[in-house]
Amino acid sequence: MLTDQTNSELGRHLLTIRGVQFIFGAQGDPFAMILRAGDDDPLDHGARAREQGLHESSVGAWVTASRELGARILGDPRFSPRHAEEGPQSHPGVDVWENPLLCHVVPLDDARLNLDPAAYRALAEAAAPLLSAEALAARAPEIEAAYRETLAATGERFDLYRDFAVPAALRVVADVLGLPAETRERLPELHAGLATALDAGHCPQQLGTARALLTAVSGLSAELTGLVEAGRATGLAGVSPQDAVAIGALAVVVGVEVTATAVCNAVEVLLAHPEEWQRIGQDPAAAPGAVREALRLAPPLRFESRIAREQVEFDGKTIEEGRRVVVLVDAANRDPEAFADPDAFTPGRGDGDRSLTLLGGPAAPVTDALVRVQTEAAVRALAALRPALRTNAEVLRRMRSAVLHGVLRFPVA
């Protein structure tokens, strides 16, 4: 277990995988270049991957940037976020040169990010009174109020990610789960450690960041377990203790950072189209269509990773049992064979429902509505109350953030 390793052992594990990604990236492998998560444009690498069709990457994964094939893979029950073996989904000590198992870089089982599709569907059913689209639609006024009140506390110049998207999402998630005051006070600290969770399984983080993540994941699981056992997470009342902890973990891990990323991505796209920004300010009903199209172009999770649970044939190629398959969602969402004028921002486009954007990756059955409702509420609040909003400096994205392309700084005025 990586959580039991010394810093020296954990650091060596992370550096080895990082080195493999860099070496194969230097040799021109598009997916390796994406995993390197440098300051280059991942869409360029995705376009190159699409030209290669379904292909084997040097970093031990089959890769596609086709919208049609991507949809088939993501909807196929033979693919799962986890390997068939029981136990933690991580591979410390594997010789990655002989067997490039570069998935599940760190164990994130306590964050519930590596469950089988059937488990996510069961959790979604258990969480329906709390997190379904219908349940959250009924709470839409209070969710939007949380975003409006958070916005009211900012000045003329503020950071969209740090001062608005994150604190508002933390408040909404705490409200939905019915968390007590002392846990709400701890959530910002936990979030700081958890923010890299969706990246860290694929893109090795620096040692201190990885250690902070593992500590935060364990801390969140222990906090939720204690609250559920004491009946103090009132929103999760009526759910079995095991399911309640899993739902709570996903709401915090995905419902905060993925929401904050989706808000920033959507606003960045919309501010580049001021006529649409003004239209939403005048007609809030336009927000859902605009957000959906913005997240087609800039999905909060740039790629999806699955494991073949049995041998599968696609397009005359054999994907062996246990092999990793990656769908480059951002590139597939711009596939010219699936979308007319694929790089254009066109709210209400007829092919918009073909987007592969999943708001929570494999956990989307549980988290999709939570992320979507919040993102739309944030956009409505900003467009109505700050119609002249503009970026005030360059938007900075985190390094080693191959999945989220996560925001580090988003200054606005």
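Structure's up top.
Just so you know, these numbers come straight off a predicted model, no measurement behind them. (Residues numbered from 1 in each chain as written. Predicted model: local features only at pLDDT ≥ 70, side-chain atom pairs only at ≥ 80, totals over all residues. Heavy atoms only, no water.)

Draft legend 1. Broad picture of the overall build of the chain. Scanning the chain from terminus to terminus reveals 17 helices and 11 strands. Rg of the C-alpha trace for the chain: 20 Å, near the compact-globule value of 22 Å for 413 residues, within the 12% margin. Dimensions along the principal axes, computed over C-alpha positions, put the chain at roughly 55 × 55 × 35 Å. Partitioning the contacts of the chain with sequence separation of at least 6, the portion at a separation of at least 24 is 72%. For the chain, the exposed area adds up to about 16100 Å²; of that, 51% sits on carbon and sulfur atoms. Looking at the chain, you have 40 positive and 56 negative side-chain charges, and the mean spots of the two groups are 3 Å apart. (Helix = DSSP H or I, 4+ residues; strand = E, 2+ residues; numbered from the N terminus. Rg over C-alpha atoms; globule rule 2.2 N^0.38 Å. Contact = heavy atoms within 4.5 Å. Areas by Shrake-Rupley, 256 points an atom, 1.4 Å probe, with all protein chains shown as cover. Lys, Arg positive; Asp, Glu negative; His and termini not counted. Charge placed at Lys NZ, Arg CZ, Asp CG, Glu CD.)

Draft legend 2. Quick peek at the environment of R78. Note that R78 resides in the loop between α4 (67–74) and β3 (79–80). Residue R78 is classed as partly exposed on the basis of its relative accessible area of 29%. Along the chain, R78 and D29 lie 49 residues apart, while their C-alpha atoms are 26 Å from each other. (Buried < 20%, exposed > 50% of the residue type's maximum accessible area, 1.4 Å probe, protein only.)

Draft legend 3. Structural detail: the sheet that holds strand β5 (residues 304–308). With mixed pairing, the 5 strands of this open sheet are ordered in space as β1-β2-β8-β5-β3. In the strand order of this sheet, the two ends are held by β1 (55–57) and β3, each with one partner. In the sheet, β3 pairs with β5 via 2 bridges, with the strands oriented antiparallel. Bridging from a neighbouring strand, S80 pairs with I307 of β5. With respect to the sheet, α4 is in contact with β2 (61–64), β3, β5 and β8 (324–327), its orientation differing from that of β8 by roughly 130°. (Pairing = 2+ DSSP bridges. Axes fitted to C-alpha atoms, helices over the stretch in contact; angles between N-to-C directions.)

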